[in-house]
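Here's the letter readout for the chains.
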Amino acid sequence: MSLKQLPSYLHGEHVGPWAVFLEQINRVTPHLGQYAAWADTLRLPKRCLIVDVPIHMDDGTVRHFEGYRVQHNISRGPGKGGVRYHPEVTLSEVMALAGWMTIKNAAVNLPYGGAKGGVRVEPRTLSTNELERMTRRYTSEIGIIIGPDRDIPAPDVNTNEKIMAWMMDTYSMNVGATTPRVVTGKPVSLGGSLGRRDATGRGCYIVAREAMARRGMEMRGARVAIQGFGNVGNAAARVFHDAGAKLVAVQDVAGTIYASAGIDPHALCRHLDAGGALLDFPGTARIPPDEFWAVDCEVMLPAALGNQITVDNASALRARFVIEGANGPTTPQAEDILLDKGILVVPDVLANAGGVTVSYFEWVQNSSSYFWTENDINDRLDRALTEAFRAIWSVAAEKGVALRTAAFIVACTRVLEARAMRGLYP
Ligand code: NAD
């Protein structure tokens, strides 16, 4: 199939994350051998649903929100990916995020395709009741394509356990049966998994450990700088610290703190939980935000937003490893600079796959209604990511390519092999 035959909404000048995703597919295609013939499968989402989400506001007026659910690829299993509430989310952004879920799930060999959802809303402007009504109406609207064996949503930016509980309840009411498997990231009391909360940060640690071992570096005493102290950054900080690494810098939206002697992330969590400000954490110095990227450290862990390491700051990095906790924190041009400097970049599709891996464990536990211990989950996560790292590392070594390209080669080959074996119907 030629790209000229693609539907009209995918024609023309692609910009933003979907353009980046298409470029990544273009770059990997020459490495796909016989499966390159099927690569257009990845350039065209399987299904894109746009929904109108009207709700009664607390003041009696009616407001409409635009929602999306995209199933980028379902060749290897049901769609899987989070739901984002953000005022600037667009169909094309959700398409790209769904595409990256296809890659991530296949890179770690989960039996899922890739999907993502979103609603254009600033959730902080809604009351709790309005947020619940919007979530329930959105869930009903996308109910025609989601389901425990069709497409399984999860939390993403600005969505959480509570929202997953409402989604699970709404879907269950609509089908007339309690269906915990329809979403993951649920509260533990509703069938959520132990270990899910820290899973993404723990995964960052596991892949960093594997990368450092291959460069002959010790975790004990390694200096780590983390951007973002939310779900991912906070958990990663604690796991690195507990393994003997030294957290030397933390940046969040309010600013940056630095301590050459190290920052205890457990104490920092207690300080923040008690209402303290990051910048007031005792024993640390404030540094200007721009200086964060030049901090002397072994591991730099962006765990906040996309597009943070750019051509403007990439040359300043002194770290030996960049572990991408966030989605898309490094621009392609900045990655070229990092690679030229000999910095090892562990890409997001591998580095932050711990979350979806434990989501998969949650779905499996829900299927059998038998729940594992937290130790069991952490051990299984470690094994899954260590094996994924090993497979991607060996492709990188064999083909002489960066880890991101290797991860795409492994993932796209798995997806397209499944596509080719299934054949076309009719
Ligand atoms: P979060 O909202 O819990 O935390 C975000 C952190 O980033 C906060 O500490 C915030 O202060 C900081 N931040 C925001 N703007 C910033 C700025 N301009 N400069 C510096 N810091 C800033 O989010 P999260 O769930 O930890 O997700 C972080 C990233 O990881 C996102 O890119 C997300 O897509 C990705 N991710 C998350 C998961 C997960 O399981 N939560 C899984 C995979 C990928």
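## Description of unusual backbone geometry
Put simply, Tyr425 and Pro426 share a cis peptide bond, and its omega is 5 degrees. Although it is not a glycine, Asn158 adopts a positive phi angle of roughly 65 degrees. With a phi angle near 55 degrees, Asn307 is a residue other than glycine that sits in the positive phi range. Here Asn307 is to be found in the loop between strand 10 (299-302) and strand 11 (321-323). Taking relative accessible area as the criterion, Asn307 reaches 53% and is therefore assigned exposed.

## Points about the site of the ligand
In the region of the ligand, 19 residues are neighbours, and Thr200, Phe229, Asn231, Val232 and Asn327 sit closest. Within the backbone of Val253, a nitrogen or oxygen atom sits 3.1 Å from an oxygen atom of the ligand. For the ligand, the protein covers 72% of the area, taking 830 Å² as the surface of the free molecule. Put simply, the parts of the chain that give the shell around the ligand at least two residues each are helix 6 (196-214), helix 7 (231-242) and strand 7 (246-252). When grouped by side-chain class, the residues that make up the shell around the ligand number 7 nonpolar, 9 polar and 3 charged.

## Quick word on the packing of helix 1 (residues 16-28) against helix 13 (residues 403-422)
One can describe the packing of helix 1 onto helix 13 by two numbers: an axis separation of 10 Å at closest approach and a directional angle of 80 degrees. When the axes of helix 1 and helix 13 are compared, the pair comes out roughly perpendicular. Mapping the contact onto sequence places Gln24, Ile25 and Val28 in helix 1 and Arg404, Thr405, Phe408, Ile409 and Cys412 in helix 13. By residue class, the composition of the contact of helix 1 with helix 13 is 5 nonpolar, 2 polar and 1 charged.

Parameters at a glance
- Residues numbered from 1 in each chain as written.
- Predicted model: local features only at pLDDT ≥ 70, side-chain atom pairs only at ≥ 80, totals over all residues.
- Heavy atoms only, no water.
- Helix = DSSP H or I, 4+ residues; strand = E, 2+ residues; numbered from the N terminus.
- Buried < 20%, exposed > 50% of the residue type's maximum accessible area, 1.4 Å probe, protein only.
- Near = heavy atom within 4 Å.
- Polar contact = N/O pair within 3.5 Å; in protein donor to acceptor, adjacent residues only side chain to side chain.
- Areas by Shrake-Rupley, 256 points an atom, 1.4 Å probe, with all protein chains shown as cover.
- Nonpolar A, V, L, I, M, F, W, Y, C, P; charged D, E, K, R; others polar.
- Axes fitted to C-alpha atoms, helices over the stretch in contact; angles between N-to-C directions.
- Parallel < 35°, antiparallel > 145°, perpendicular 65-115°, else oblique.
- Contact = heavy atoms within 4.5 Å.

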